[in-house]
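Architecture at a glance
Here is what each chain is made of, one letter per residue.
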Amino acid sequence: MATIYKKLELALDAETLWKRVADVGGISELLDGISHSAVDGSTRSCTLANGAQLTEQIISVDQTRRRVAYTITAGPLPFTFHAASMAVEAGGEGRSALTWITDVAPDELAGPLGQMIDDECRKLEARFP
């Protein structure tokens, strides 16, 4: 199983960033690669910018640890396993850190998924330098 690990330092205070991450139905407002998102119970539906559809199961939204965990249950990549989390930590002077960890199988899907995550991280860093 492959792990994709990204940690970004952003020019947003932790509370503001956490509100955006914790709003699981509004992930399309945070990530540019998602054009639309909605939640029904613990199921999140996402439309990617290229029109592809994702269905995700929200595993937890931990207010104390500022961590959201989710898994992709249907989408364009043929995962046999997917588990991901986004966690927010306070930084200095109005800054915060976003840690995005994804475990995926088969290993060869880490390349294309990692590229998508890298693209999103670059866009976030450009929006909140």
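Above this note sits the structure.
Read on for a plain summary of the structure.

This part is about the nonpolar core. Residues Leu17, Val21, Leu31, Leu98 and Leu124 are the most contacted members of the largest nonpolar core, which totals 36 residues. Setting aside its immediate chain neighbours within four residues, valine 21 contacts Leu30, Val68, Met86, Val88 and Leu98.

We now examine helix 3 (residues 110-127). If you check helix 3, its first and last C-alpha atoms are 25 Å apart, about what 18 residues at 1.5 Å a residue would give, namely 26 Å. For helix 3, the secondary structure elements touched by its buried residues are strand 1 (2-10), helix 2 (27-30), strand 6 (81-90) and strand 7 (96-105).

Across all of its chains, the model carries seven salt bridges by this definition. Between aspartate 62 and arginine 65 there is a salt bridge, with its nearest N and O atoms 3.2 Å apart. Assessed through its relative accessible area of 62%, arginine 65 is described here as exposed. Here aspartate 119 and arginine 122 are joined by a salt bridge, their closest N and O atoms 2.4 Å apart. Residue aspartate 119 and its partner arginine 122 are both found in helix 3; the two are separated by three residues, about one turn of the helix.

Turning next to the packing of aromatic side chains. Scanning the entire structure with this criterion turns up zero aromatic pairs. Over the ring of tyrosine 70 we find arginine 44, and its NZ or CZ is 5.2 Å from the ring centre.

Our focus in this paragraph is the side chain of glutamate 56. Position of glutamate 56 among the secondary structure elements: in strand 4 (residues 53-62). Looking at glutamate 56, the relative accessible area reads 5%, which means it is buried. Residues contacting glutamate 56, with those up to four places away along its chain left out, are Ser42, Thr43, Arg44, Cys46, Tyr70, Thr71, Ile72 and Thr73.

Mapped onto the elements, arginine 95 comes out in the loop between strand 6 and strand 7. Exposure remark for arginine 95: the relative accessible area of 29% places this residue in the partly exposed category. Leave out the neighbours within four places in its chain, and arginine 95 touches Glu9, Leu10, Ala11, Leu12, Asp13, Ala14, Ala90 and Pro129.

The rules behind these values
Residues numbered from 1 in each chain as written. Predicted model: local features only at pLDDT ≥ 70, side-chain atom pairs only at ≥ 80, totals over all residues. Heavy atoms only, no water. Core = buried A, V, L, I, M, F, W, Y, C linked by side-chain atoms within 4.5 Å. Buried < 20%, exposed > 50% of the residue type's maximum accessible area, 1.4 Å probe, protein only. Contact = heavy atoms within 4.5 Å. Helix = DSSP H or I, 4+ residues; strand = E, 2+ residues; numbered from the N terminus. Expected span 1.5 Å × (residues − 1). Salt bridge = Lys/Arg side-chain N within 4 Å of Asp/Glu carboxyl O. Phe/Tyr/Trp six-rings, centres within 6.5 Å; stacked < 30°, edge-to-face > 60°. Lys NZ or Arg CZ within 6 Å of the ring centre and 35° of its normal.

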